[in-house]
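Fold and contact review
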Amino acid sequence: MRAAVSCYEIPALSVVPALSSDYDERTSLTRWRFVFGWAGGLVMLTLAFGFFLVPSAEYPVGQLNLDGYQLYGWTGAVLMILATSVSAWTTHRRLAHPDAAPPTHLPLGPTLRKIRAILSNRAFLVLLGSSVFAYVNQGLTFSITAYLLTYYWQMPQAGFIAYSATLFVGVVGAFLVVGLLQKRMEKRTGAVAAGIFALGFAIAPYLLRFAGLFPANGDPALIPVLFTLVTISNAFSVAAMMLAQSMASDIVEASQEETGERSEGIFFSAYFFVQKCATGIGLFLTGQIIGAANFPAQAQPGQIAQSILDNLATYFLGVLVLFAVASIWFISRFPISRADHEARVAALAAAAEAARPHP
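Our subject in this report is the structure included herewith. (Residues numbered from 1 in each chain as written. Predicted model: local features only at pLDDT ≥ 70, side-chain atom pairs only at ≥ 80, totals over all residues. Heavy atoms only, no water.)

**Thoughts on the overall build of the protein**
Our working definition: Secondary structure elements follow DSSP: runs of H or I no shorter than four residues count as helices, runs of E no shorter than two count as strands, and numbering proceeds from the N terminus. The buried label goes to any residue with under 20% of its type's maximum accessible area, the exposed label to any with over 50%, and the partly exposed label to all in between, with areas taken from a 1.4 Å probe on protein chains only. Throughout, a residue-residue contact means that at least one pair of heavy atoms, one from each residue, lies within 4.5 Å. Throughout, the Shrake-Rupley method with a 1.4 Å probe supplies accessible areas, and for residues the shown protein chains are the sole cover considered. In this count, Lys and Arg are taken as positive residues and Asp and Glu as negative ones, while His and the chain termini are left out. One atom stands in for each charge, and that atom is NZ of Lys, CZ of Arg, CG of Asp or CD of Glu.
Per the secondary structure count, the protein includes 12 helices and 0 strands. Overall, the protein shows an N-to-C arrangement of helices and strands of α-α-α-α-α-α-α-α-α-α-α-α. When its C-alpha atoms are laid out on the principal axes, the protein stretches across 80 × 40 × 40 Å. Every one of the 359 residues in the protein was classed for burial, and the buried ones make up 43%. Expressed as a percentage of contacts within the protein between residues at least 6 apart in sequence, the contacts between residues at least 24 apart total 81%. For the protein, the exposed surface amounts to about 18300 Å²; the carbon and sulfur share of it is 68%. Looking at charge distribution, the protein has the averaged site of its 21 positive side-chain charges lying 3 Å from that of its 19 negative ones.

Below you can see the structure in the form of structure tokens.
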């Protein structure tokens, strides 16, 4: 599955620099891509909790309903095939054309040396460092959320459906936030600010609960208050990721200036590889946190000692804050500004024009 996703996702990411060299338009393309990507995922999440993983006589807790997972998987597979086919077909019509020069096939040794030289670009290494910590946090958050909602917050089935809607509202919010920021500040500045706000709102419900200032489980105010904070946090988190992915496109010209070659495929394959590895690390950390908190097997909501639940939340917050701060610190060191990019694009265009044969 990962190999199949990579065969589609890497070229899909790599076409952004080819679609536009404009500093702001790349951000616009990226934010539209995020909106549709998250919309598809959240449609599946809504279908999961609203139709497939619902309580039954055998499984009174909906998300533990084993019978719903097979139909859930088949539905997701069909929707993924349709979405990727439409995307690939429409993009192919715009971009497919023969290469100006045939590709060069190098032996393995020179190929690896070339890749190493390309990936040693400082801006790319900074962005990669930030992405590692950001995607570890994303994998951790996505995988542990089912435990937190089910056991820590003791959400009813309606709460899980509300959670799906909350995430989509957050993505729409991110789309609007990035639209407001992209022409008013550097991508780096916007990503740092968004990351700080995302972290603050993410940890707020737990800190308020520890302080005794948050609605109790079962209180009618719990869902609206909790999910308002989650919505705002998710909006800023996705906004930071939109800006970071747009920044990845700007590295292409920086590398081209140094090496004389465009290397979108290499940059985005490395970026995607790190993203998937980091997400997997987040899943692994969820298992470690659950084990460290002595979370019981075959647990039922409302029947777990509060000390165990507090440990689960505390360990989660500790990792979340540590990795978020590291990600923000890295992205604050990104060296490419709007002025740098625009000057570089102009210089490359002038060089290409000078090299073109004239009658």
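**A look at the packing of helix 10 (residues 264-292) against helix 11 (residues 306-331)**
Short version of the rule: Throughout, an axis means a line fitted to C-alpha atoms (over the contacting stretch in the case of helices), and angles, computed between N-to-C directions, take values from 0 to 180 degrees. Should the near helix be turned counterclockwise from the far one by less than a right angle, the crossing is left-handed, whereas a clockwise turn marks it as right-handed.
Direction vectors running N to C along helix 10 and helix 11 enclose 145°, while the axes themselves pass 8 Å from each other. In the packing of helix 10 onto helix 11, the handedness of the crossing is right-handed. Contacts between helix 10 and helix 11 involve Leu285, Ile289, Ile290 and Ala292 from the former and Leu312, Tyr315, Phe316, Val319 and Phe323 from the latter.

**Side note on the nonpolar core**
Just so we agree on the cut-off: We define the nonpolar core as a collection of buried residues of types Ala, Val, Leu, Ile, Met, Phe, Trp, Tyr and Cys that are connected through side-chain atoms lying within 4.5 Å of one another.
In terms of nonpolar packing, the biggest core is built from 84 residues, with Trp153 and Phe295 touching the most fellow members. For this core, the secondary structure elements donating two or more residues are helix 1 (2-14), helix 3 (23-52), helix 6 (122-152), helix 7 (157-181), helix 8 (187-210), helix 9 (222-259), helix 10 and helix 11. Sort the elements by how many residues they give to this core and helix 9 lands first, with 16 residues. Among residues more than four places away in sequence, those in contact with Phe295 are Tyr147, Tyr151, Ile290, Ile304, Ile308, Leu309 and Leu312.

**So, the pattern of salt bridges**
Here is the rule we go by: We define a salt bridge as a contact between a side-chain nitrogen of Lys or Arg and a carboxyl oxygen of Asp or Glu at a distance within 4 Å.
A complete count under the given rule lists 6 salt bridges for this structure. When the shortest N-O distance is used, the salt bridge between Arg33 and Glu9 registers 3.1 Å. Remark: Glu9 occurs in helix 1 and Arg33 occurs in helix 3; sequence separation between them is 24 residues. The partly exposed category is assigned to Arg33, whose relative accessible area is 26%. Between Arg26 and Glu253 there is a salt bridge, with the nearest N and O atoms lying 2.5 Å from each other. Residue Arg26 is found in helix 3, and its partner Glu253 is found in helix 9; the two are separated by 227 residues along the sequence. When its relative accessible area of 0% is taken as the criterion, Arg26 is described as buried. One connected set of salt bridges, linked through shared partners, spans Arg26, Lys187, Asp250 and Glu253.

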